[in-house]
Amino acid sequence: MPHTPRITRRDLLRAAALAPVAGALAACATPAAKPTASSAAPAATSAANPLGVPGDKPLEVWIFDGGFGQDYAKNIHQPLFKAKYPGVEIKHNSTKEITKVLQPRFAGGNPPDVIDNSGANAMDFGALAQDGQLQDLTPLLDAPSWDDPATKVRDTIDPAVVELGTYDGKFSVLGYVNYIFGIWYSQKVFRDNGWEVPRTWDEFLKLNETIKKSGKMAPFTYAGKHPQYLYEPLLTMAAKIGGNEVLVNLDNLEDGAWTAEPMKAAAAAWAEIGAKYLMEGTAGLDHVQTQTAQNKYKVAMLPSGSWLENEQKTTTPDDFEYGMFPLPDVTGSDKLPYGTLHTTPGENFIVPSKGANPRAGMEYLRAMLSKKAAGDFSELVKTVSVVKGAGEGRQLSPGAASASKAMTEAGANTVTYRWQTWYAQLKDEAMAATGQLMSGGLTPDKYLERLQKKADEIKNDSSIKKFRR
Amino acid sequence: MYNAHRRSLFLFAFLAAPVTLYLVYVISPYVQAFYIAMTDWRGVSATPEFVGLDNFVRLFSDGIFWKAVTHNLALLVLLPLLTIVIALFFAFLLNVGNGRGVGGVAGSKFYRVVFFFPHVLAVAVVAVLFQQVFRPDGSGMLNGPLMALGARPVGFLSDPDVAFWSVLGVMLWQAVGFYVVLFSAGLASIPRDMFEAAQIDGAGRVSMFVRVTLPLLWDTIQVAWVYLGILALDVFAIVWVMTDQHGGPDFSTTVMAAEIYRNAFHYFRFGYASALGVVMFFFTIGFTILSLRLSRRERIEY
């Protein structure tokens, strides 16, 4: 065998094989504490630049590419920001899988600067807050608004945004869209059949009976695969009967909050709908399938939110005329008046505190909250933003008009709940149990006992971070 | 001496790359999972706290996880058993089922191809496909005809009493084809004269199957058993994609892997999820050792 210059070749092989080991082992799943570049001294603030955006550092933006798409960010928000800070390079990204793409970035200590943390695969706000990953957005609230230096940003947006975006006393999540919940129907169908929007629960039951007897369509359905669509009206009804504190108690995991009297009344009422008036097969259909059934005039009513019209725009007949009505009066002595609505800010934007450029991230949000940006956004995606008066003078579609009108009529009587975003385990249990309630697998009492048990479990689990409102 | 040294160097050079890859991408994640299982890591922080065995203690009172374990165990018994029985039956018919013991039933070449179809499809595709097959209204492939006949629709995926069986059915549908091919290969290696001899001795199809085919295929069946058992223990995609609420309704179809995923990526409890993963690891290892021990048998030489 001839002697080959073996050392070089072998050594090369060995080196090539071993070199990646060290790096790869270090870069695996286990988190590595990195000295984070503590958001260096912010650039000087001025009237023109109230948040002290460094003029030359890039800004990385991630948009959830869901129901609203991503064009609004690229064509409305980013040009606005860019016009003011031409030196800041905007790195636009979008994904449907926020968690999968961005969770490793947080674990690695280099998150981006602005995230639209939305959709079914959004990151858990509780976990992010617990780890101090969220930038305190209070400076943004106190900064002058984009349009008028005399008005603070705080005063241009729906106050619920601040309440719901506050974690551990720090305002850190900006909801951009106002979701308005109610029962949705076709105004045309109701007109053609002489059906009236019910104002009391008895009228609602009678209406269901009338529709069922007419044989034209099923009275009621909900997204059976996603029972959170049904516990929404159930909880809103409980709040209407017993006042907002019913929901506050749920959020605070109070003892017996789930088994309170208003909850019992609401659960029994909806269980009756589940037993008598649901469209055949409801339990196995998702939101798109049930909503499409409504567009095909197979079912009259379903509970949903103000995103519905935009979501269904491709299957809705031209003369369908979406309408929304609030939950009817139940007892005659309800604590909250007729017209009470569940509204909540959604499409949640965050600025990671350990990102490279949190100052510019906050400024980006300030641009989003300008009247022009919010108004253009509302028009593009047919929805209501949290910026006050941004929809003024804009052309509204029937559903959006109906929801806005209900919102105006509700005035201060709006309620909301937060346990489902705080305690994901409780949400899963509530979904499972609500499905069972509606299909008759659980009695209203057993249903509430089961959720109370889960709430107690969470309350007693020291590893789960607790929130209060 | 020098040559032996050269030889091991030579071997090492070839093995270094795959072993390194294996260490980095297989062994190291396992080891890290064991470590993460003893922390309260929530996935986003850089500094998880060490909490010892807290996660394992918590796991014992996690009703949903144990529900998932019972589903895995039910699959562990039913999936291999049913798949092997059905696949053996088909393989026997396709290869030696024509009564003379030397060929398959009429059209066996066609069936052989058709049986393999489901195996070619990706699991996610199968899951989405069966969501449509199982649809609870008139547009479902199964409920359409049922409703046309005047029956009430069956909630294949929406009735908690039925959903588990639907999952099992889909897994069977997908698994059988591959094992038909595997057993066919096993049958093909059995000398034809065995079947002919048995036939001359007056064996019918049944006794030929029980007395000749089965014993000679034992090795192949054993392999199939272990594969299917592991499949039953780490089933994930079909449950996650196909069922309502990922393992529902009401957790009636959830499995260990689904709970691991849910805890990690929905609840952001990576430490706890890793603890579940460690438990699942021991279940799988235990099953494999046990089944190899129990099914050890004399190999038949021919």
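Residues numbered from 1 in each chain as written. Chains lettered and ligands numbered in written order. Predicted model: local features only at pLDDT ≥ 70, side-chain atom pairs only at ≥ 80, totals over all residues. Heavy atoms only, no water.

Participant: When you look at the overall build of chain B in this model, what are you seeing that I'm missing?
Facilitator: The helix and strand tally for chain B stands at 13 helices and 0 strands. Secondary structure elements of chain B occur, N-terminal to C-terminal, as α-α-α-α-α-α-α-α-α-α-α-α-α. Across the 302 residues of chain B, 46% fall into the buried class. In chain B, 66% of the contacts between residues at least 6 apart in sequence involve partners at least 24 apart. Just so you have it, chain B exposes about 15,200 Å², and 70% of that area is on carbon and sulfur atoms. A distance of 8 Å separates the average location of the 19 positive side-chain charges in chain B from that of its 17 negative side-chain charges. (Helix = DSSP H or I, 4+ residues; strand = E, 2+ residues; numbered from the N terminus. Buried < 20%, exposed > 50% of the residue type's maximum accessible area, 1.4 Å probe, protein only. Contact = heavy atoms within 4.5 Å. Areas by Shrake-Rupley, 256 points an atom, 1.4 Å probe, with all protein chains shown as cover. Lys, Arg positive; Asp, Glu negative; His and termini not counted. Charge placed at Lys NZ, Arg CZ, Asp CG, Glu CD.)

Participant: Sorry if this is basic, but what is going on with empty space enclosed by the protein here?
Facilitator: Leftover empty space is mapped by rolling, across the atoms, a probe with the size of a water molecule. The tally for this structure, following the rule as stated, stands at 6 cavities of 30 Å³ or more. Taken together, Asp124(A), Gly126(A), Trp422(A), Ala424(A), Gln425(A), Ser463(A), Ile464(A), Lys465(A), Phe467(A), Arg42(B), Tyr267(B) and Arg269(B) make up the lining of the largest cavity. Broken down by class, the residue content of the lining of the largest cavity amounts to 5 nonpolar, 3 polar and 4 charged. Here the second largest cavity defines a volume of roughly 80 Å³. If you go around the second largest cavity, the residues you meet are Tyr222(A), Gly224(A), Ala283(A), Ala432(A), Gly435(A), Gln436(A), Ser439(A), Ser158(B), Asp244(B), Gln245(B), Pro249(B) and Asp250(B). Tallied by class, the residues present in the lining of the second largest cavity amount to 4 nonpolar, 6 polar and 2 charged. (1 Å grid on protein atoms, 1.4 Å probe; cavity = no way out; pocket = protein on both sides within 12 Å on 5 of 7 lines; lining within 4 Å. Points joined across faces, edges and corners; volume = space filled by probe spheres on them. Nonpolar A, V, L, I, M, F, W, Y, C, P; charged D, E, K, R; others polar.)

Participant: Can you walk me through the pairing of strand β8 (residues 299-305) of chain A in this structure?
Facilitator: The side chains of a regular strand alternate, residue by residue, between the two faces of the sheet. All names here are of chain A. Most of β8 is tucked away, with 7 of its 7 residues classed as buried. Across 4 bridges, the pairing between strand β6 (residues 174-186) and β8 is antiparallel. Looking at the pairing, glycine 182 lines up with serine 304 of β8. By the bridge criterion, 2 bridges tie strand β7 (residues 218-220) to β8 in an arrangement that is parallel. Bridge pairing in β8 links phenylalanine 220 to methionine 301. (Pairing = 2+ DSSP bridges.)

Participant: In this structure, what is going on with the side chain of Asp286(A)? I would like to understand it.
Facilitator: Residues and elements named next belong to chain A. Structurally, the position occupied by aspartate 286 is in the loop between α11 (261-276) and α12 (287-295). Within the buried set, aspartate 286 has no salt-bridge partner at all; the shortest N-O distance to an opposite charge, 5.0 Å, is to lysine 225. In terms of polar contacts, aspartate 286 uses its side chain to reach the backbone amide nitrogen of glutamine 289, at 2.8 Å. In this view, aspartate 286 contacts Ala223, Lys225 and His226; residues no more than four positions away in its chain are not counted. (Salt bridge = Lys/Arg side-chain N within 4 Å of Asp/Glu carboxyl O. Polar contact = N/O pair within 3.5 Å; in protein donor to acceptor, adjacent residues only side chain to side chain.)

Participant: Teacher, can you tell me more about the environment of Lys453(A) here?
Facilitator: With respect to the secondary-structure elements, Lys453(A) resides in helix α19 (residues 444-460). For the pair Lys453(A) and Leu426(A), spaced 27 residues apart in sequence, the C-alpha to C-alpha distance is 9.9 Å.

Participant: Can you walk me through the interface of chain A and chain B in this structure?
Facilitator: Much of the literature gives interface size as the accessible area that the parts lose upon coming together. In this assembly, 52 residues from chain A lie in contact with 46 residues from chain B. Here chain A meets chain B over a buried area of about 4,100 Å², counting both sides, of which 57% is carbon and sulfur. Taken together, chain A and chain B are joined by 7 salt bridges. A salt bridge links Asp461(A) to Arg269(B), with the nearest nitrogen and oxygen atoms 3.6 Å apart. Along the contact surface separating chain A from chain B lie 8 residue pairs in polar contact (both at pLDDT 80 or more). For the side of chain A that touches chain B, the secondary-structure elements that each account for two or more residues are α1 (6-26), α3 (98-107), α4 (125-130), α18 (424-438) and α19 of chain A. Ranked by the residues each element gives to the side of chain A that touches chain B, the list is headed by α1(A), at 8 residues. For the side of chain A that touches chain B, the class distribution of residues is 24 nonpolar, 15 polar and 13 charged. (Buried area = accessible area lost by both parts, 1.4 Å probe.)

These values are about where atoms sit, not about what they do.
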